[in-house]
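Tertiary structure, described
What follows is each chain in one-letter form.
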Amino acid sequence: MQPVNLFDLATQQAKWLSVRQTTVASNVANINTPGYKALEVEPFENVLNGSRVALTSTNPNHLKFGATNASFSVNSTEDPSVLPSENTVKMEDELANAGEVRRSFELNTAIVKAFHRMLMNTSRG
């Protein structure tokens, strides 16, 4: 049996959230570094727009569909309010981003758990 596409999508989002969490942590770690430019990961919606989310075949008699391959990039942010040290990291923004990442991880996990429960209930009969 091949993996269900929802699980693939949740995996891609979890990877994206992991990269975003690392980026936020890097920004916070470099908050006092002169000349450091804050980094941001491209939105997950852009990752989805660049990839094809489609059904996958679970039986040889099904039509063939392409798999979902998503990628994402990290870019420096353009901020007009640069500090005298030319550092663009703002602690308030990074704390808000960290909270967003945490909530997104929790939502991702809750959706996967719910889908898994539904899948297990249907397979038990």
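Computed from a predicted model, the values in this text were never measured in an experiment.

What about the confidence of the model for the protein?
Mean pLDDT over the protein: 79, with 69% of residues reaching 70 or higher. For the protein, strand β2 (residues 74-76) is the element with the lowest average pLDDT, namely 65, and helix α3 (residues 91-124) is the one with the highest, namely 93. In the model, residues 62-70 has pLDDT below 50 throughout and makes 18 contacts with residues more than four positions away in sequence or in other chains.

Things to note about the side chain of N87
If you trace the backbone, N87 turns up in the loop between β2 and α3. Among the polar contacts made by the side chain of N87, one reaches the main-chain carbonyl oxygen of I31 at a distance of 2.9 Å. A polar atom in the side chain of N87 sits 2.8 Å from the backbone oxygen of T33.

Some remarks on the pattern of salt bridges
This model, assessed by the stated rule, comprises 3 salt bridges. Between E40 and R20 there is a salt bridge whose closest N-O contact spans 3.1 Å. One end of the pair, E40, is in strand β1 (residues 39-41); the other, R20, is in helix α1 (residues 5-29), and 20 residues separate them in sequence. On the basis of relative accessibility, which here comes to 23%, the residue E40 falls in the partly exposed class.

Notes on the nonpolar core
General note: in soluble globular proteins, nonpolar side chains tend to be found buried as a group. Residues W16, L17, V41, F44, V47 and V101 constitute the largest nonpolar core, which totals 6 residues. Mapped onto this core, the elements with two or more residues apiece are α1 and α2 (44-49).

The rules we used
Residues numbered from 1 in each chain as written. Predicted model: local features only at pLDDT ≥ 70, side-chain atom pairs only at ≥ 80, totals over all residues. Heavy atoms only, no water. pLDDT = per-residue confidence, 0-100. Helix = DSSP H or I, 4+ residues; strand = E, 2+ residues; numbered from the N terminus. Contact = heavy atoms within 4.5 Å. Polar contact = N/O pair within 3.5 Å; in protein donor to acceptor, adjacent residues only side chain to side chain. Salt bridge = Lys/Arg side-chain N within 4 Å of Asp/Glu carboxyl O. Buried < 20%, exposed > 50% of the residue type's maximum accessible area, 1.4 Å probe, protein only. Core = buried A, V, L, I, M, F, W, Y, C linked by side-chain atoms within 4.5 Å.

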